Amino acid sequence: MKESVLSIKEVRRFFEVNGMDTLEGCHIEVACEFAGIEFCDREEAYRALGYFQSLYPDLISFCKVS
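A quick note: this is a predicted structure, and the numbers were derived from the prediction, not measured.

**Student:** How would you explain the packing of aromatic side chains if you had to name every residue and give the values?
**Tutor:** All chains considered together, the criterion is met by three aromatic pairs. Measuring from ring centre to ring centre gives 5.3 Å for Y46 and Y56, while their planes differ by 85°; the resulting arrangement is edge-to-face. A residue pair is termed long-range when its members are at least 10 positions apart, and Y46 in helix α2 (residues 42–49) and Y56 in helix α3 (residues 56–65) qualify at ten residues.

**Student:** How would you summarise the nonpolar core if you had to cite specific residues and measurements?
**Tutor:** With 18 residues, the main nonpolar core has L6, V11, F15, I28 and L59 as its most contacted residues. Residue assignment for this core shows that the elements contributing at least two residues are α1 (8–17), α2 and α3. In terms of residue count, the dominant contributor to this core is α3 (five residues). Non-local contacts of I28, meaning those with residues more than four positions away in its chain, are made with I8, V11, R12, F15, C40, E44, R47 and A48.

**Student:** Account for the sheet that holds strand β1 (residues 5–7), with residues named and values stated.
**Tutor:** The antiparallel open sheet is built from three strands, whose spatial order is β1-β3-β2. Whereas interior strands pair on both sides, the edge strands pair on one side only; in this sheet they are β1 and β2 (32–34). For this sheet the average axis-to-axis angle between neighbouring strands, irrespective of direction, equals 40°. Sheet analysis places β2 next to strand β3 (residues 37–41), joined by three bridges and oriented antiparallel. Along β3, the bridge assignment pairs F34 with I37. Relative to β3, α2 is tilted by about 80°, and along the sheet it contacts β1 and β3.

**Student:** Which residues make up unusual backbone geometry, and what values go with them?
**Tutor:** One non-glycine residue, A35, lies in the positive phi region at around 55°. If you trace the backbone, A35 turns up in the loop between β2 and β3.

**Student:** A description of the pairing of β3 should follow, citing residues and the corresponding values.
**Tutor:** It is a general feature of regular strands that their side chains alternate between the two faces of the sheet. Bridge count for β1 against β3 is three bridges, and the pairing is antiparallel. Following the sheet pairing, S7 is matched in β3 by F39. Counting the residues in the hairpin turn of β2 and β3 gives two residues, including A35, whose phi is positive at 55°.

**Student:** Break down the packing of α2 against α3 for me, citing the residues and quoting the values.
**Tutor:** At their nearest, the axes of α2 and α3 sit 10 Å apart, and the two run at 125° to each other. As judged from the angle between their axes, α2 and α3 are oblique. The interaxial crossing formed by α2 with α3 has right-handed handedness. Residues R42, A45, Y46 and L49 of α2 form the contact with α3, whose participating residues are Y56, L59, I60 and K64. Taken together, the residues of the contact of α2 with α3 break down into six nonpolar, no polar and two charged.

The rules we used
Numbers given to residues run from 1 along each chain, matching the order in which its sequence is written. Reporting in this predicted model follows two pLDDT cut-offs: at least 70 for local features of residues, and 80 or more for side-chain atom pairs to be given and counted; totals over whole chains, interfaces and linings ignore these cut-offs and use all residues. Hydrogens are left out, water is left out, and the side-chain values use all remaining heavy atoms of the structure. Side-chain rings of Phe, Tyr and Trp, where Trp is taken by its six-membered ring, are said to pair if the distance between their centres is within 6.5 Å; with planes under 30 degrees apart they count as stacked, over 60 as edge-to-face, and otherwise as tilted. Helix numbers and strand numbers start at the N terminus; a helix is a DSSP run of H or I with at least 4 residues, a strand a run of E with at least 2. Among buried residues, the Ala, Val, Leu, Ile, Met, Phe, Trp, Tyr and Cys ones that are joined through side-chain atoms within 4.5 Å form a nonpolar core. Residue exposure (1.4 Å probe, protein chains only): buried if accessible area is under 20% of the type maximum, exposed if over 50%, otherwise partly exposed. A contact between two residues is defined here by any heavy atoms of the two lying within 4.5 Å. In this analysis, strands are considered paired if DSSP registers two or more bridges between them. In this analysis an axis means a line fitted to C-alpha atoms, helices contributing only their contacting stretch, and an angle means the value between N-to-C directions, from 0 to 180 degrees. When describing relative orientation, an angle under 35 degrees is termed roughly parallel and one over 145 degrees roughly antiparallel, while 65 to 115 degrees is termed roughly perpendicular and anything else oblique. By the definition used in this description, the sense in which the near helix is turned from the far one sets the handedness, with an anticlockwise turn below a right angle giving left-handed and a clockwise turn giving right-handed. We call Asp, Glu, Lys and Arg charged. Ala, Val, Leu, Ile, Met, Phe, Trp, Tyr, Cys and Pro are nonpolar, and the rest, Gly among them, are polar.

Written out as structure tokens, the structure reads:
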């Protein structure tokens, strides 16, 4: 399961670090919650990137390192 979901907190931090101000407040659907941490699936993260979908591989790498 861990490989198929991303922390929503880390996804939002990726938006902030990369200056994606237009995405910082976007809705990201929660797929599951574990130990008080909300996670979204990878497809939802891809959708949330919108215009910046070409940065999807960078988002995945960022979330793995964080």
